[in-house]
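Descriptive structure summary
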Amino acid sequence: MLAASVAAAAMVVAAPAAALASEQHPTLAEIEPEVMCLVCKTTLDQSDSAFANQERTLIRSLIARGYTKSQIKKKLVAEYGPEILAAPEDSGFDILAWWLPIAGIVAGAVALAWLAWRWSRGRRGPPEEPSTTPLGPDVEQQLDRELARFDA
Amino acid sequence: MPARLKLTGQVLAVALVGGLLGLLIWKVAHGSGETKDPKNFTLPRLNAPGNLELASLKGKVVVLNFMASWCVPCGQEAPAIEHLWRQYRSKDVVFVGVDTADASEDARAFIRKHHLTYPVVRSIGYSLWGPYGLTGVPETRVIGRNGKFTTKFPGAITHADLKRAIDQALRT
C-alpha cells in the first residue's frame, strides 16, 4: 500500500517534469505524432514521403538551434499553415474544437438526466383520482335495476 | 411534458435537420470549391522583394506553375519551364511559379538549384488548392489575355505541350 502510494506520488511529481523537459528539449520522436505530413494526410511518424523527410529535416534543424516544442510548432504553422498540426490549437477560434464536444456531452447528459427524472416521477406519482362526474338519472336507474337483478 | 415545450423541441429538431441538409446541398453544389475563373491572389515573392498580384497581369498570357521543393517531378519539369520563360518573356507572356505546401528556405534552395528567373511566389498551406482545384503538384495552368483559363496540365509538363498551350493562348 505504502509502495503504491509512493509510486503514485512519484508519478505525480515526475509527469510535469517530463512534460517540461519535452517542451524545453524536444526530440523528433516527440514531435512527429503531433504534426502532419500534409501530402500523405497522416501524422509525420506514419510517413516516409519526400515531403515528410523534408519536414523532419526542418524539425531537426530547429531542435539543433535550441527551439522549444511550442516554438517549433509555431514555426511549422508559419511555414506550412495551421493544417500542419495534428490537433487544433487550444486558443482562439480553434478552442471550439476542444470545447464543443465537451459541451455536447454535458448537454446530452443533462437531457438524459432530465428525461430520467421525468420518467421516474411519472411512475412514482399518485394514482389518478377516479372520475367524479355524476351519472345521469337514466343511467343511475338502469344501474339500480341491474344491481337489483344481480342481487336477486 | 408541456405541449409548448414539446412543440419547441420538435421545431428545433426539424430546424437542425434542415440546416444540416442545407449544408450538404451547398457542399455538393460547390464541389471542391474550384472556381471557374482564376482566383486572384496577392502573395509574397520568393526570388525578389515585394508581393505579386495575379490581377495586375491581366491582358497578358500567364503561365501558373504550382510546385514545391520536395516534389520530384517539379524539379524535372523546371528546366523546360525556365527555358520557355526565357523564350516568351518578350512576347507578353508572364510565368509565375506558385510554391505551395512548402518551407520557404527549401523553396529558395529549389529556385537557386534550378536557376529559376521567373517570379516565384509563396502560398502557405493549401489556401489555393481549393479555388484552383489542385489535387497535387506539379500542376500548370495557362491563363489567356482575357483572364480566363485556357489550359490545365495536372502533373509534370513537357516542353512541347507547354509551348503549344502558350501559342494557343497567344492566339486567343
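For the structure given in this document, a descriptive report is provided here. Model, not experiment: these values are computed from the prediction. (Residues numbered from 1 in each chain as written. Chains lettered and ligands numbered in written order. Predicted model: local features only at pLDDT ≥ 70, side-chain atom pairs only at ≥ 80, totals over all residues. Heavy atoms only, no water.)

So, the sheet that holds strand β7 (residues 149-154) of chain B
All names here are of chain B.
- The five strands are arranged β5-β4-β3-β6-β7 in an open sheet whose pairing can be described as mixed. Of all the strands in the sheet, just β5 (120-123) and β7 have a single pairing partner and so form its edges. Averaged over neighbouring strand pairs, the angle between their axes works out to 20° when direction is ignored.
- Strand direction decides the pairing type here: strand β3 (residues 61-67) and strand β4 (residues 93-100), joined by seven bridges, are parallel. (Pairing = 2+ DSSP bridges. Helix = DSSP H or I, 4+ residues; strand = E, 2+ residues; numbered from the N terminus. Axes fitted to C-alpha atoms, helices over the stretch in contact; angles between N-to-C directions.)

Notes on the state of the cysteines
All names here are of chain B.
- The full count for this structure, using the stated rule, is two disulfides over all chains.
- Through a disulfide, C71 is tied to C74; the S-S separation comes to 2.2 Å. Negative torsions about the S-S bond denote left-handed disulfides, and the value of about 90° found for C71 with C74 makes this one right-handed. Of the two residues, C71 and C74, neither departs from the other in class, the shared state being buried. (Disulfide = S-S within 2.5 Å. Buried < 20%, exposed > 50% of the residue type's maximum accessible area, 1.4 Å probe, protein only.)

Notes on the side chain of A:E32
Residues and elements named next belong to chain A.
- Mapped onto the secondary structure, E32 falls in the loop between α2 (28-31) and β1 (36-37).
- Accessibility expressed as a relative area gives 13% for E32, which makes it buried.
- Leaving out residues up to four positions away in the same chain, E32 has contacts with T43, L44, D45 and R56. (Contact = heavy atoms within 4.5 Å.)

Describing the nonpolar core
- In terms of nonpolar packing, the biggest core is built from 65 residues, with B:F41, B:L64, B:F95, B:V96, B:V98 and B:L162 touching the most fellow members.
- Among all residues touching B:L64, those that are not within four sequence positions of it are B:F41, B:L54, B:V96, B:V98, B:Y132, B:E139, B:T140, B:R141 and B:I143. (Core = buried A, V, L, I, M, F, W, Y, C linked by side-chain atoms within 4.5 Å.)

Section: the packing of aromatic side chains
- Applying the stated criterion across every chain yields a total of eight aromatic pairs over all chains.
- Aromatic pair B:F66 and B:Y132: ring centres 5.2 Å apart, planes at 55°, arrangement tilted. Of this pair, B:F66 sits in strand β3 while B:Y132 sits in helix α4 (residues 129-132), placing them 66 residues apart in sequence. The two residues B:F66 and B:Y132 agree in class, both being buried.
- Three or more aromatic residues link up through ring pairs in this structure, and these residues are A:F51, A:Y80 and B:W70.
- Looking at B:K91, its charged tip hangs above the ring of B:Y88, at a distance of 5.1 Å from the centre. (Phe/Tyr/Trp six-rings, centres within 6.5 Å; stacked < 30°, edge-to-face > 60°. Lys NZ or Arg CZ within 6 Å of the ring centre and 35° of its normal.)

Structural notes on the pattern of salt bridges
All names here are of chain A.
- The tally for this structure, following the rule as stated, stands at 14 salt bridges over all chains.
- Among the ionic pairs, E32 bridges to R56, the shortest N-O distance being 2.4 Å. Here R56 lies in helix α3 (residues 50-64) and E32 lies in the loop between α2 and β1, a separation of 24 residues in the sequence. As far as the burial class goes, E32 and R56 line up, both buried.
- In this structure, K75 engages E79 in a salt bridge whose closest nitrogen and oxygen atoms are separated by 3.3 Å. Here K75 pairs with E79, and both are found in helix α4 (residues 69-80), just four residues apart, close to one helical turn.
- Given the relative accessible area of 28%, K75 is considered partly exposed. (Salt bridge = Lys/Arg side-chain N within 4 Å of Asp/Glu carboxyl O.)

Let's talk about unusual backbone geometry
- Here the bond from B:V137 into B:P138 is cis, since omega is 5°, no more than 30 degrees from zero.
- Structurally, B:P138 is set in the loop between α4 and β6 (139-143).
- Of note, A:K41 is a non-glycine position whose phi angle comes to about 60°, a positive value.
- Tracing the sequence through the fold places A:K41 in the loop between β1 and β2 (42-43).
- Located in the positive-phi region is B:A101, a residue other than glycine, with phi close to 50°.
- With respect to the helices and strands, the residue B:A101 is situated in the loop between β4 and α3 (104-113).
- Taking the relative accessible area as the measure of exposure, B:A101 reaches 1% and is therefore buried.

With respect to helix α5 (residues 159-171) of chain B
All names here are of chain B.
- When the terminal C-alpha atoms of α5 are compared, their 19 Å separation across 13 residues agrees well with the 18 Å that a helix rising 1.5 Å per residue should span.
- Taken residue by residue, α5 has L162, A165, I166 and A169 as its buried positions. Down the axis of α5, the buried set is contained in an arc of 100°. They therefore lie on one face. Of the residues in α5, the exposed ones pointing more than 90 degrees away from the buried face are R164 and R171.
- The inward-facing, buried residues of α5 contact β3, α2 (72-88), β4, β6 and β7. (Expected span 1.5 Å × (residues − 1). Arc of directions from axis to C-beta.)

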